[in-house]
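Secondary and tertiary structure notes
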Amino acid sequence: MFTGIIHTNGVIESLERLDAGARLGIRGTDAEPFARGASLAVHGVCLPVIPTRRELLTDVANQALARTTLASLLTGPPIHTTTAPLVRARAAAATPPGP
């Protein structure tokens, strides 16, 4: 679940076309480290990330490329990114108040 509020900016450092879609290498400005499998929204599209020492890698399926603006992204220009809220925050928000 994402808030839609732009959290940080980033830059696509690499874009590799694959048979099943594409692999993006993203350098973000978020100071907090990402865990493997954490989610990052790029221009509103939720993507699982694989953190490396240099960048965040994410695979984008052909269907996501065809139905979003991700296919038009280029390396270099800034992108908007949003991180998912912490699990604790989501759980607290989803728990109804007690009697």
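Quick caveat: nothing in here was measured; it's all calculated off a predicted structure.

Rules of the game
Residues numbered from 1 in each chain as written. Predicted model: local features only at pLDDT ≥ 70, side-chain atom pairs only at ≥ 80, totals over all residues. Heavy atoms only, no water. Helix = DSSP H or I, 4+ residues; strand = E, 2+ residues; numbered from the N terminus. Buried < 20%, exposed > 50% of the residue type's maximum accessible area, 1.4 Å probe, protein only. Contact = heavy atoms within 4.5 Å. Pairing = 2+ DSSP bridges. Salt bridge = Lys/Arg side-chain N within 4 Å of Asp/Glu carboxyl O.

Moving on: the overall build of the chain. Within the chain one finds 2 helices and 7 strands. Listing the helices and strands of the chain from first to last along the sequence gives β-β-β-β-β-β-α-β-α. Out of the 99 residues in the chain, the part that is buried amounts to 29%. In the chain, the proportion of contacts linking residues at least 24 apart, taken out of those at least 6 apart, comes to 60%.

Let us look at the sheet that holds strand β4 (residues 45-48). With respect to topology, 7 strands assemble into an open sheet ordered β4-β3-β7-β1-β2-β6-β5, the strand pairing being antiparallel. Whereas interior strands pair on both sides, the edge strands pair on one side only; in this sheet they are β4 and β5 (50-51). Bridge count between strand β2 (residues 21-28) and strand β6 (residues 56-61): 6 bridges; the pairing is antiparallel. Bridge pairing in β6 links L24 to T58.

As a further point, take the pattern of salt bridges. Pairing is possible between side chains of opposite charge, provided their charged atoms come close. Within this structure, the stated rule accounts for 3 salt bridges. Two residues, R54 and E13, come together in a salt bridge whose shortest N-O distance is 3.3 Å. Placement of the pair is R54 in the loop between β5 and β6 and E13 in strand β1 (residues 8-18), with a sequence separation of 41 residues. The exposure class of E13 is partly exposed, given its relative accessible area of 28%. A salt bridge links R23 to D59; the nearest nitrogen and oxygen atoms lie 2.6 Å apart. Placement of R23 in strand β2 and of D59 in strand β6 is noted, with a sequence separation of 36 residues between them. In this structure R23 comes out as partly exposed when scored by relative accessible area, which is 31%. Several salt bridges share partner residues, and in doing so they unite E13, R27 and R54 into one network.

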